[in-house]
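Coordinates in review
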Amino acid sequence: MALYSEKVMDHFTNPRNVGTMEDADGVGEVGNARCGDIMKIYLKIENDVIVDVKFETFGCGSAIASSSMATEMIKGKPISEALALTNKAIAEALDGLPAHKMHCSVLAEEAIRAAIEDYETRSGKKPAVAVAEG
Ligand code: FES
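Computed from a predicted model, the values in this text were never measured in an experiment. (Residues numbered from 1 in each chain as written. Predicted model: local features only at pLDDT ≥ 70, side-chain atom pairs only at ≥ 80, totals over all residues. Heavy atoms only, no water.)

1. Some details on the pattern of salt bridges
On inspection of all chains with the given rule, the structure shows nine salt bridges. For the salt bridge of Lys7 with Asp95, the shortest nitrogen-to-oxygen distance reads 3.9 Å. Placement of Lys7 in helix H1 (residues 6-13) and of Asp95 in the loop between helix H4 (87-93) and helix H5 (102-122) is noted, with a sequence separation of 88 residues between them. In this structure Lys7 comes out as partly exposed when scored by relative accessible area, which is 37%. Look at Asp95 and you get exposed, because its relative accessible area is 51%. We note a salt bridge from Arg16 to Asp10, for which the minimum N-O separation is 2.8 Å. Overlapping salt bridges bring together Asp23, Asp25 and Lys44 as one network. (Salt bridge = Lys/Arg side-chain N within 4 Å of Asp/Glu carboxyl O. Helix = DSSP H or I, 4+ residues; strand = E, 2+ residues; numbered from the N terminus. Buried < 20%, exposed > 50% of the residue type's maximum accessible area, 1.4 Å probe, protein only.)

See below:
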């Protein structure tokens, strides 16, 4: 079996929604300390719906494929749906990632969350007190 699915190869070689956005409503940047890869997501939001999304990924092929797929999955969707998107769902949409590459899809999930948080902070929608997790 090939290490990477056809979908991973497709999104890696022909990534969707690559680029930056000057008038983004939310920008999220996250990195993985171990591999040093960085992902940045830009969101355009209207009436709590993600009307446009762009990404820049300085990282491995799986990170590029994950961010490409993730942007396709949240485009046109309400913020609530984008917040619920898990790295597992991204990997599944790519027909799987090798186990040691699952962390690359985590970057996409985290970058989307960070961009939404940035949007909520900018628009004053974020609660003043952060809710402790766990
Ligand atoms: Fe770092 Fe894939 S190896 S994100």
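Here the narrative resumes.
2. A short note on the sheet that holds strand S3 (residues 49-58)
Each strand in a sheet pairs with its neighbour through backbone hydrogen bonds, running either in the same direction (parallel) or in the opposite one (antiparallel). Across the sheet, which stays open at both edges, the three strands sit in the order S1-S2-S3 with antiparallel pairing between neighbours. At either margin of the open sheet sits one strand with a lone partner, and together these are strand S1 (26-31) and S3. For this sheet, the mean inter-axis angle between neighbouring strands, taken without regard to orientation, is 15°. For strand S2 (residues 38-46) and S3, the ladder comprises nine bridges, and the chain directions are antiparallel. Counted as the bridge partner of Ile45 is Ile50 from S3. Sitting on the sheet, helix H2 (residues 61-74) touches S2 and S3, and the angle it makes with S3 is about 175°. (Pairing = 2+ DSSP bridges. Axes fitted to C-alpha atoms, helices over the stretch in contact; angles between N-to-C directions. Contact = heavy atoms within 4.5 Å.)

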